[in-house]
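Now for the letters of each chain:
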Amino acid sequence: MDEFGELVVMQKHTDLKRSRTSARHLPLSDKDPNNVEQRQTEKRERDPTDVQSRVQAAKRYPIRVFDETEAPATRHPKPTPRRPISSRFDDLVTKTAALAMSKTESDTSKPANPTDDSDVLMQMLHTLADVLEVAEARKYSYASSYVQPCSRGGPTVWVTRYVDYTSKYGLGFLLNDGSSGVYFNDSTKAVLEVEGETFQYIERKRVETREVGVRRTEPTCGTHTLSEYPETLQKKVTLLKHFRNYLIEQQKKADDDGSAINTVDAVASALPLTYLKKWVRTKHAILFRLSNQTVQIVFYDQTEVLLTPDERYITYVDKKRQRLTYQLNDELVGSNAEMAKRLMYAKEILHQLLTGQQRR
């Protein structure tokens, strides 16, 4: 090692610090405090109104402007250019346009598995999200505001009238096929057939599994008549009768003054009966989820949105109480601002239902 090695290292360190020092903070040895001309020059350079002095200063101390396009490819890889909007949404447009053809070759008459409720809700949520996204991207490209309704598809059973008496007992409901029921405050359900005395009582019971020490609750359905039923159900059977009489009376009044919407003729119900499986009340609407996996959202302005496991169709009730079924695609949503607004809210409710933020 050189005997002046220590001095050499210190000198290199000093040079490195000086090379990193900006022009505005030069070492004291480079300035003459008694040089009046130098101080006046620096003052003019700091004056924003002195354009000529600032130009000269810029030549003396050039500033390097970093541009990402000039960076080496190894340090800053060039980003992949974004596709045009029309190209980016081609896949989604194709998906929504293909909804009408997605099940033509499948067996649509096969009933859905009731244990797959969460999967059905998730599929509804994804379909709404896709359609709304495409409609938003193409909202200025729809030529007509009228969409032809379908002559088929849509739900077969839905809620036509309900009464909220959860302050004491529960929520009573009347279905379009004439059957009626109650969702009790203890989450048990009862549904009575259209004509006759047969009713079904649904409750959840804990059952043992094959795993040691593991229990889970499963719904059990018992079939009874209004004259023969377990003694423990006496109060609920009485409430079931009262709710049915009240709802039928209210429905008849609506039929007389013409305020009721079209329903199907009452026919003998086949077992198992469709019943209200879950309901959620929000600020702007109430959601009904039926045992046949139909989701019905009734808004407080009397408009409705109905979704079924067959995501090709959607049923919409407008403010004039007209019930129509359409093919669910972006053209339908983009052409109807009122429907689009309600579908966006329906998507939010489905998301809350799946994530468990609101449960009843």
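Visitor: Quick question: what am I supposed to make of the side chain of Thr274 here?
Guide: With respect to the helices, strands and loops of the structure, Thr274 is situated in the loop between helix 7 (234-257) and strand 7 (276-281). Exposure remark for Thr274: the relative accessible area of 18% places this residue in the buried category. In contact with Thr274, other than residues within four places in its own chain, are Val157, Leu175, Val191, Leu290, Ser291 and Asn292.

Visitor: How do you make sense of the pairing of strand 9 (residues 295-299) when you look at a structure like this?
Guide: Side-chain positions along a regular strand alternate between the two faces of the sheet. The buried count for strand 9 comes to five of five residues, which makes it a mostly enclosed element. Judged by which residues are buried, strand 9 turns out to be covered on both faces: Val295, Ile297 and Phe299 on one side and Gln296 and Val298 on the other are all buried. Hairpin geometry of strand 9 and strand 10 (residues 304-307) is characterised by an intervening segment of four residues between the two adjacent antiparallel strands and by a positive phi of about 75° at Gln302.

Visitor: Would you take a moment to explain the confidence of the model for the protein chain for this structure?
Guide: Caution is warranted with low-pLDDT regions, since their predicted coordinates should not be read in detail. In the predicted model, the protein chain carries a mean pLDDT of 75, and the fraction of residues at 70 or more is 61%. Within the model, the stretch residues 61-80 combines pLDDT values under 50 with six contacts to residues more than four positions away or in other chains. This stretch, residues 99-114, has a pLDDT under 50; its non-local contacts, to residues over four places away or in other chains, come to 20 contacts.

Visitor: Even after reading the chapter, I still don't get the packing of helix 6 (residues 117-137) against helix 9 (residues 337-355), so can you show me in this structure?
Guide: Helix-helix packing: each pair is described by the crossing angle between the helix axes and the interaxial distance. Relative to each other, helix 6 and helix 9 sit at 145°, their axes nearing to 10 Å. As for the relative orientation of helix 6 and helix 9, their crossing is left-handed in sense. When helix 6 is examined against helix 9, the residues Ser118, Leu121, Met122, Met124, Leu125, Leu128, Ala129 and Leu132 are found in contact with a partner set consisting of Ala340, Leu343, Met344, Ala346, Lys347, Leu350, His351, Leu353 and Leu354.

Visitor: Honestly, the packing of aromatic side chains in this entry has me stumped. Any pointers?
Guide: Both the distance between ring centres and the angle between the ring planes are used here to describe each pair of aromatic rings. With the rule as written, the count across this model stands at three aromatic pairs. Aromatic side chains Tyr162 and Phe288 sit 5.2 Å apart centroid to centroid with 70° between the ring planes, which places their arrangement in the edge-to-face category. On the criterion of sequence distance, the pair formed by Tyr162 in strand 1 (residues 159-165) and Phe288 in strand 8 (residues 285-290) is long-range, its members being 126 residues apart. Each ring, one from Tyr165 and one from Tyr169, has its centre 5.3 Å from the other, and the planes form 85°; the classification is edge-to-face. On the accessibility criterion, Tyr165 (35% relative accessible area) is partly exposed. Tyr169 sits in the partly exposed class, given a relative accessible area of 27%.

Visitor: Would you mind showing me how to read the nonpolar core here?
Guide: Side chains of a nonpolar character, in soluble globular proteins, are inclined to be buried together. Judged by nonpolar contacts, the single largest core of 32 residues is most densely connected at Ile297, Ile314, Leu343 and Leu350. Taken together, the elements giving at least two residues each to this core come down to helix 6, strand 8, strand 9, strand 10, strand 11 (313-317), helix 8 (330-335) and helix 9. With residues near it in sequence (within four places) discarded, Leu343 still touches Leu128, Leu132, Val305, Ile314, Leu328 and Val333. Within the second largest apolar cluster, 16 residues are counted, among which are Leu175, Tyr275, Leu276 and Leu290.

Visitor: Which parts of the structure should I look at to understand helix 6?
Guide: Count 3.6 residues to each turn of an α-helix, and residues three or four apart come out pointing the same way. The first and last C-alpha atoms of helix 6 sit 31 Å apart over 21 residues, in line with the 30 Å expected at 1.5 Å per residue. Of the residues making up helix 6, those classed as buried are Asp117, Val120, Leu121, Met124, Leu125, Thr127, Leu128, Asp130, Val131, Leu132, Val134 and Ala135.

Visitor: I tried to follow the pattern of salt bridges on my own but got confused; where do I start?
Guide: Applying the stated rule across the entire model yields twelve salt bridges. One salt bridge connects Asp186 with Lys236, and the closest N-O pair in it is separated by 2.7 Å. With Asp186 in the loop between strand 3 (180-184) and strand 4 (189-192) and Lys236 in helix 7, the pair connects residues that are 50 residues apart, well separated along the chain. Taking relative accessible area as the criterion, Lys236 reaches 17% and is therefore assigned buried. Here Arg321 and Glu304 are joined by a salt bridge, their closest N and O atoms 3.8 Å apart. Highlighted residues: Arg321 in the loop between strand 11 and strand 12 (323-327) and Glu304 in strand 10, separated in sequence by 17 residues. By relative accessible area, Glu304 is classed as buried at 4%.

Analysis parameters
- Residues numbered from 1 in each chain as written.
- Predicted model: local features only at pLDDT ≥ 70, side-chain atom pairs only at ≥ 80, totals over all residues.
- Heavy atoms only, no water.
- Helix = DSSP H or I, 4+ residues; strand = E, 2+ residues; numbered from the N terminus.
- Buried < 20%, exposed > 50% of the residue type's maximum accessible area, 1.4 Å probe, protein only.
- Contact = heavy atoms within 4.5 Å.
- Pairing = 2+ DSSP bridges.
- pLDDT = per-residue confidence, 0-100.
- Axes fitted to C-alpha atoms, helices over the stretch in contact; angles between N-to-C directions.
- Left-handed = near helix turned anticlockwise from the far one by under 90°.
- Phe/Tyr/Trp six-rings, centres within 6.5 Å; stacked < 30°, edge-to-face > 60°.
- Core = buried A, V, L, I, M, F, W, Y, C linked by side-chain atoms within 4.5 Å.
- Expected span 1.5 Å × (residues − 1).
- Salt bridge = Lys/Arg side-chain N within 4 Å of Asp/Glu carboxyl O.

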